[in-house]
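Observations on the model geometry
Below are the chains, spelled out letter by letter.
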Amino acid sequence: MASMGLLLRLLLLAPPLWPFSLPPPDTPEGKATISDLILPVLERATSFLKKTLPEINLDGVVGFRVLEVNLQGVQEGWAQDPQLQPLSLRVGKLLQKLAPLLHRSVFYLKLSDPQYLREFQPIVQPGFWKLPHVWTHINASMVYPMTEPQDSFSEKQSDLCLVQLLGTGTDSSQPCQLSGFCKSLMTKLGCSGYCLSHQLLFFLSARMGCTGGLFHQSQRYMNLFCANMMDLNLRAEAIGYAYPTRDIFMENIMFCGIGGFSDFYKLQWLEAILSWQKPQEGCFGKPDAEDEKLPKDSQHQQHYLRRVKRREKQFTDGCSSHNTAVAVAALGGFLYALTQYPPAHKELRHATLAPPTAAHVDGSMPAIHQEDKTHAFGPSF
C-alpha cells in the first residue's frame, strides 16, 4: 500500500499531459475543447476590464480592441457549423459585453490622457485592426546574427513616427507621410525586444491605406521582424517564461498573429499564457510568488527582454494593464486561428531581406531580394 501511495503522489506531481492529450484541433471536438479552455479566461479578463475601466490606459484598450476583432472572426467562422454554433453564441455574448466597455473606455481616456488619445485614437477605433485571411510561416534564416542592446530603444521616438504615419500630429500632416528619420528608424536592422514589435506595429498600422514608396515592401519587412520576434519567443520559452519576458512574449504573439504568421500559435504557448491569469482578479500581471533564483544566463536573458513602458498602469494587486491587454489579444488570436484550421488552400508569396547590414541613416532602404518560395497556409497546432 505504501508503494501505491507513493505512485499516486508521483502522478499528482507529474506535469499535466495537456496539451498533448487534447483531441486534434482539426475536429469539432478539438476546437470545442480548446475553446472551452480559452473562453473562460477571456470572460474573466473582460470582467476585470469592466471593474477597472476608469483606470484603463490606451494600451489596454488596444489589446481589447484586437481581441474584439478576433472574436468577430470566430463568431462569423463558426456560426454556420451546427456542431460549433453553441461556441459561436458564447462568443457573441462576450462581444455584447465587450462592445459597450470599449465605447466607454474612450471617454475615460479623454479624461486621463487627452493628448495621447488624440495622437493614437485611430488604433482604438472599430475597424482599424484587420484579420489575416492568408497565412505565412517564419523563415528562420532571417534571424539577425547580432542585435543592438535593448536599452538603445526609444519609445518616444517610435511614438513620434507612428503619429507621423497616422497623420495625427499637431502639424496637420496627412497620413502615410514620413520623414527620412522615421523611414530609417522603422526599417532599422538589428533591433530586438520592443524595438522590433514597434517596427512591426508601424507596418501593421500602415494597412489603413498606406501603399506607396516604403509600403510597397511592407510584407517583406514584416517577414523579417516576425522571424526575429519568433527567435525572442523561443528564447523566452527556453528560460521557462520568467516573468520579465512574458509581456514581450505575448505582445509578439499578438502582433505577429494578427500579421498572419501562424507559427506563433503553438499549443504549449497557449497552455503557458492560460496559466498566467490571476483567476480571482481576471487580469494578467506579476505572479504572487516569483522565484528570483535564476541561473545567470537566464537573468541576462531577462534583462535583454525587459522593458518599462512609459504609460504602463500597474495595479496594487499585481495586475498590469499592458500584460492583460497583450494576453487577451494573443488568446483571441489563438481562437481565430482555430477557426482557420484545417488550412484553407491559400498561399502567400514570401520574400526575404538581404543579409543584415548597417542601418541607413539617410532614410534610404536596405536592399530587398525577392524569393520565389511559397509557404502553405495553416496554424501551428
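This text gives an overview of the structure that appears in the document. None of the values given here were measured: they were computed from a predicted structure.

As a further point, take the overall build of the protein chain. Across its full length, the protein chain holds 13 helices and 2 strands. With 381 residues in all, the protein chain has 55% of them scored as buried. Sequence separation of 24 or more characterises 79% of the internal contacts of the protein chain that already satisfy a separation of 6 or more. Entry remark: accessible area of the protein chain is about 17500 Å², with carbon and sulfur atoms responsible for 57%.

For the rest of this paragraph, the subject is helix H10 (residues 243–258). Every α-helical turn comprises 3.6 residues, leaving residues that sit three or four positions apart pointing alike. For H10, built from 16 residues, the straight-helix expectation of 22 Å at 1.5 Å per residue is met to within 8% by its first-to-last C-alpha distance of 24 Å. Judged by how many residues are buried, H10 sits mostly within the fold: 16 of 16 residues are covered.

A separate point is the state of the cysteines. Taken as a whole, this structure holds 5 disulfides when the rule is applied. What pairs with Cys161 in a disulfide is Cys182, and their sulfur atoms sit 2.1 Å apart. Around the S-S axis, the bridge from Cys161 to Cys182 shows a dihedral of about -85 degrees and counts as left-handed. Here the residue Cys161 occupies a position in helix H6 (residues 155–166), and Cys182 occupies one in helix H7 (residues 180–186), the gap between them amounting to 21 residues. The exposure classification of Cys161 matches that of Cys182, with both residues buried. One disulfide bridge connects Cys176 with Cys210, the sulfur atoms lying 2.0 Å from each other. Every disulfide takes its handedness from the sign of the S-S torsion; for Cys176 and Cys210 that torsion is -80 degrees, giving left-handed. Note that Cys176 is positioned in the loop between H6 and H7 and Cys210 in the loop between helix H8 (193–205) and helix H9 (218–238), a separation of 34 residues in sequence. The class for Cys210 is buried, based on a relative accessible area of 7%. By sequence order of its bonded cysteines, the protein chain has the disulfide arrangement 1-3, 2-6, 4-5, 7-8, 9-10.

On to the packing of helix H3 (residues 58–78) against helix H13 (residues 321–339). Packing of H3 against H13 brings their axes to within 8 Å, and their N-to-C directions diverge by 15 degrees. Between H3 and H13, the angle is such that the two are roughly parallel. Both H3 and H13 take part in a crossing whose hand is left-handed. On the side of H3, the interface is formed by Asp59, Gly60, Gly63, Phe64, Val66, Leu67, Asn70, Leu71, Gly73, Val74 and Trp78, while H13 contributes Ser321, His322, Thr324, Ala325, Val328, Ala329, Gly332, Gly333, Leu335, Tyr336, Leu338 and Thr339. Grouping the constituent residues of the contact of H3 with H13 by class yields 12 nonpolar, 10 polar and 1 charged.

Reading guide: rules and limits
Position numbers for residues start from 1 in each chain and track the written sequence from start to end. Given that this is a predicted model, residues contribute local features only at a pLDDT of at least 70 and side-chain atom pairs are listed and counted only at 80 or more, while totals for whole chains, interfaces and linings are drawn from all residues. Side-chain calculation: all heavy atoms of the structure are included, whereas hydrogens and water are not. By definition, any uninterrupted DSSP run of H or I lasting at least four residues is a helix, any uninterrupted run of E lasting at least two residues is a strand, and each is numbered from the N terminus. Burial status follows relative accessibility: with a 1.4 Å probe on protein chains alone, a residue under 20% of its type maximum counts as buried, one over 50% as exposed, and anything between as partly exposed. It only takes one pair of heavy atoms within 4.5 Å for two residues to be counted as in contact. Computed with the Shrake-Rupley method and a 1.4 Å probe, the accessible areas treat only the protein chains shown as cover for residues. Given the number of residues in a helix, its expected span is that number minus one, multiplied by 1.5 Å. Defined by distance alone, a disulfide is two cysteine sulfur atoms within 2.5 Å. Simply put, an axis is a line fit to the C-alpha atoms, just over the touching stretch for a helix, and the angle between two N-to-C directions goes from 0 to 180 degrees. Any angle that is under 35 degrees is reported as roughly parallel, and any over 145 degrees as roughly antiparallel; angles of 65 to 115 degrees are reported as roughly perpendicular and all others as oblique. Each crossing gets its handedness from the near helix: less than a right angle anticlockwise from the far helix is left-handed, clockwise is right-handed. Nonpolar residues are Ala, Val, Leu, Ile, Met, Phe, Trp, Tyr, Cys and Pro. Charged residues are Asp, Glu, Lys and Arg, and all others, Gly as well, are polar.

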